[in-house]
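Topology and contacts: notes
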Amino acid sequence: MTERCDVAVIGCGPVGALAANLLGRAGLRVVVLEKELDHYPLPRAVHLDHEMMRLFQTAGVIDRVLPDMVATDGHLHVGADHGVIRYMGTVGKPKPFGWSNDYFFYQPELEAHLRAAFAENGAITLRLGATFTALDQHDDSVTVQFETDGAPQALTARWVIAADGARSPVRKALGIALDDLQFEEPWLVVDAEVEGPVSFPALTGVPADADLQRLSVMMCDPARPATVVPGRGNHRRWEFMLLPGEDDQAMMQPEQVGALVGAWMKDVPHTIVRAATYRFHGLVAERWQAGNVFLAGDAAHQTPPFFGQGMCHGLRDVANLAWKMDAIVNHGADPAILASYQPERDPHVRGVIGAAVAAGRYICELDPAKAATRDAGIRAAAAQKAGETAHDLIPAITAGIVLAGTAGAGTRFIQPILADGRKLDDAVGQGWRLFVRDDSVTGSSPLVTRTVAASLDDAGAVTAWLDDHGVDAVLLRPDHCVFGTASGTAIDLIEARARALGLALETA
């Protein structure tokens, strides 16, 4: 008998593992196919943001991952003259989403935590050493063929999520091309364990509240652009741009790596853990869905790392898919809602990649005169953006399952911390949530959790959000994005939700 499940997830990196946890927690049967016998032992992704921490809450894994996360203070860009040109810091600023804006982590630890949660998050089966070989699509299912120890095997799933990385065998099997956003630069990435602070050159214009040891510092120096990234524990990362004529293999040699890193460490003991060269790309798959197969993470898009959003994109992808698959399997929603996946995610990803590519172009400038002109322009622009943070780069959802035209639609909703220390989601629950100003605002549904803002001991945060948007009700999707808002009554919101999901109004 061919094994059957609701969702087959191909790839068990952080993106695939979060997908499994979200789907399993919703009661779906999940099989995860991972070609390696153990997770990759060295760090790759190192940064995520508050939105990812909230998704870990949703998946019920936050208590596992939080102890190994290190909250940091944002991003600092330094110009050719070693003066600050752009500061996206978060020190002393509110945390409207309940978490710090930036966290650094060690990927092998994160993967281990996410896999360990499988046992408590539903019917999740992890098959290690399972190499994808082919798939065959039917009207309402997909047969996935794979090999384990050289033996051919197969399973049948209603849907497949391909989280199998930048080289994605699934994407290639589907014949899906990548849209090249015309950015490719060679960089040397070095991870090290250090026993003290990083030594920076003399810098000017560093804000008084900025701690260089807690910031991702981008040195936009035409002599050699470089990034210094904090990590958890004693882990640090450096990224050095390779200059014209430099050979990848030669630059990865221990003496070259030691010289580059040593300039930042002075007399601080340190051990190089990994050194590898990469081509930083801006690439997006032309199609994210082929029948019942969905690309996610690096299989769907590759983002230059200048704002640390690469893995975050992938986690958003699977959160988007998971709540829709849950709605179909458990609540009778129209399977056609999955067609909203790419229209919602693709513009979002392209917007952030566009910002990262733009930053990459100015960061990678090697002409001293052009770099000086660049610095003056960025300083002038930054002066008009007081309080800028990396969060500001994330656009709203503008198409798909949102009530376009209503205030705040498609944005991420706040998560205030209540007086008893709980975060909003932990107090009111997950899923679809309706917040109304007071009991005079009518509208409810058995499939939506209704909460009166005035009843929350949240220092008035939700009421203030309603005030700022000039509305009396806000309806949230399960991925914490605002579906829509309304004034006077929430009945139209409830009915719009039912229509968007393909549900009968009387059962909405």
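Residues numbered from 1 in each chain as written. Predicted model: local features only at pLDDT ≥ 70, side-chain atom pairs only at ≥ 80, totals over all residues. Heavy atoms only, no water.

**A closer look at the overall build of the protein chain**
Keep this limit in mind: Put simply, DSSP H or I for four residues or longer makes a helix, DSSP E for two residues or longer makes a strand, and each gets a number counted from the N terminus. Here the globule rule is a power law, 2.2 Å times the number of residues to the power 0.38, and the radius of gyration is based on C-alpha atoms. Relative accessibility decides the category of a residue: with a 1.4 Å probe and only protein chains considered, values under 20% of the type maximum give buried, values over 50% give exposed, and everything between is partly exposed. Throughout, a residue-residue contact means that at least one pair of heavy atoms, one from each residue, lies within 4.5 Å. For every accessible area listed, the method is Shrake-Rupley and the probe measures 1.4 Å; residues are considered covered only by the protein chains on display. We treat Lys and Arg as the positive residues and Asp and Glu as the negative residues; His and chain ends play no part in the count. For charged residues, the charge sits on one atom: NZ in Lys, CZ in Arg, CG in Asp, CD in Glu.
Looking only at helices and strands, one finds 13 helices and 23 strands in the protein chain. Scaling as 2.2 N^0.38, a compact globule of 508 residues should have a C-alpha radius of gyration of about 23 Å, and the protein chain matches this with 23 Å. C-alpha atoms of the protein chain, sized along the principal axes, occupy 70 × 60 × 40 Å. Across the 508 residues of the protein chain, 55% fall into the buried class. Look at the contacts in the protein chain between residues 6 or more apart in sequence, and 71% of them connect residues 24 or more apart. Accessible area for the protein chain stands at about 19,600 Å²; split by element, carbon and sulfur atoms hold 52% of it. Taking the average place of the 43 positive charges on the side chains of the protein chain and the average place of its 63 negative ones, the gap between the two points comes to 1 Å.

**Re the pattern of salt bridges**
Side chains carrying opposite charge are able to pair once their charged atoms draw close together. Spelled out, the test is: Whenever Lys or Arg places a side-chain nitrogen within 4 Å of a carboxyl oxygen from Asp or Glu, that contact is recorded as a salt bridge.
Scanning all chains against the criterion turns up 26 salt bridges. For D6, the salt bridge identified is with R29, shortest N-O distance 3.4 Å. Linking D6 in strand 1 (residues 3-10) with R29 in the loop between helix 1 (14-25) and strand 2 (30-34), this pair joins segments that are 23 residues apart in sequence. Taking the relative accessible area as the measure of exposure, D6 reaches 10% and is therefore buried. Here R374 and D375 are joined by a salt bridge, their closest N and O atoms 2.8 Å apart. The class for R374 is buried, based on a relative accessible area of 10%. Overall, the relative accessible area of 3% leaves D375 in the buried class. One network of salt bridges, with partners in common, ties together D49, E51, R316 and R412.

**Examining the sheet that holds strand 4 (residues 70-72)**
The following threshold applies: The pairing criterion is simple: DSSP has to find at least two bridges between the two strands. Simply put, an axis is a line fit to the C-alpha atoms, just over the touching stretch for a helix, and the angle between two N-to-C directions goes from 0 to 180 degrees.
Overall, antiparallel pairing links the three strands, which are arranged 3-7-4 in an open sheet. The sheet is open, and its two edges are formed by strand 3 (47-49) and strand 4, each paired on a single side. In this sheet, adjacent strand axes meet at a mean angle of 35° when their direction is disregarded. Bridging between strand 4 and strand 7 (residues 102-104) involves three bridges; their strand directions are antiparallel. Across the sheet, T72 pairs through a bridge with D102, a residue of strand 7. Here helix 2 (residues 50-59) sits on the sheet in contact with strand 3 and strand 7, set at roughly 75° to strand 3.

**Notes on the nonpolar core**
Most often, soluble globular proteins have nonpolar side chains that are buried together. Basically, it comes down to this: Definition of nonpolar core: a set of buried residues of the types Ala, Val, Leu, Ile, Met, Phe, Trp, Tyr and Cys, connected through side-chain atoms within 4.5 Å.
Residues L48, F56, I161 and M325 are the most contacted members of the largest nonpolar core, which totals 116 residues. Element by element, the count of residues in this core is highest for helix 8 (residues 310-331), at eleven residues. Discounting chain neighbours no more than four positions away, the residues touching M325 are V7, L23, L28, W159, I161, F294 and L338. Counting 27 residues, the second-largest nonpolar core is a separate cluster that includes L188, V190, F240 and V257.

**Concerning the sheet that holds strand 5 (residues 74-78)**
Pairing is mixed in the open sheet, where eight strands are placed in the order 6-5-13-14-15-12-16-19. Two strands lie at the open edges of the sheet, namely strand 6 (84-89) and strand 19 (301-302), each paired on one side alone. As judged from the two bridges shared by strand 16 (residues 270-285) and strand 19, these two strands associate in the antiparallel manner. Counterpart to L283 in the pairing with strand 19 is Q302. Helix 9 (residues 341-363) rests against strand 5, strand 6, strand 12 (178-194), strand 13 (216-219), strand 16 and strand 19 of the sheet, and its axis sits at about 65° to strand 12.

**Observations concerning the packing of aromatic side chains**
Here is the rule: Here is the rule: rings of Phe, Tyr and Trp (six-membered ring for Trp) pair when centre to centre is within 6.5 Å. Planes less than 30 degrees apart are stacked, more than 60 are edge-to-face, and the remainder are tilted.
Overall, the coordinates contain nine aromatic pairs when judged by the stated rule. Between W288 and Y341 the ring centres are 5.5 Å apart and the planes differ by 70°, which places this aromatic pair in the edge-to-face class. Of this pair, W288 sits in the loop between strand 16 and strand 17 (289-290) while Y341 sits in helix 9, and the two are 53 residues apart along the sequence. Take W288 and Y341: they sit in the same class, and that class is buried. Geometrically, the ring pair formed by F413 and W465 is edge-to-face, given 4.9 Å between the ring centres and 70° between the ring planes. With F413 in the loop between helix 10 (368-383) and helix 11 (424-428) and W465 in helix 12 (residues 461-469), the pair connects residues that are 52 residues apart, well separated along the chain.

**Overview of unusual backbone geometry**
Its identity as a non-glycine residue notwithstanding, Q182 has a phi of 60°, on the positive side. As for its position among the elements, Q182 is in strand 12. Judged by its relative accessible area of 56%, Q182 falls in the exposed class. The backbone of H480 shows a phi angle near 75°, a positive value even though the residue is not glycine. Along the polypeptide, H480 turns up in the loop between strand 22 (473-476) and strand 23 (482-486). The class for H480 is buried, based on a relative accessible area of 3%.

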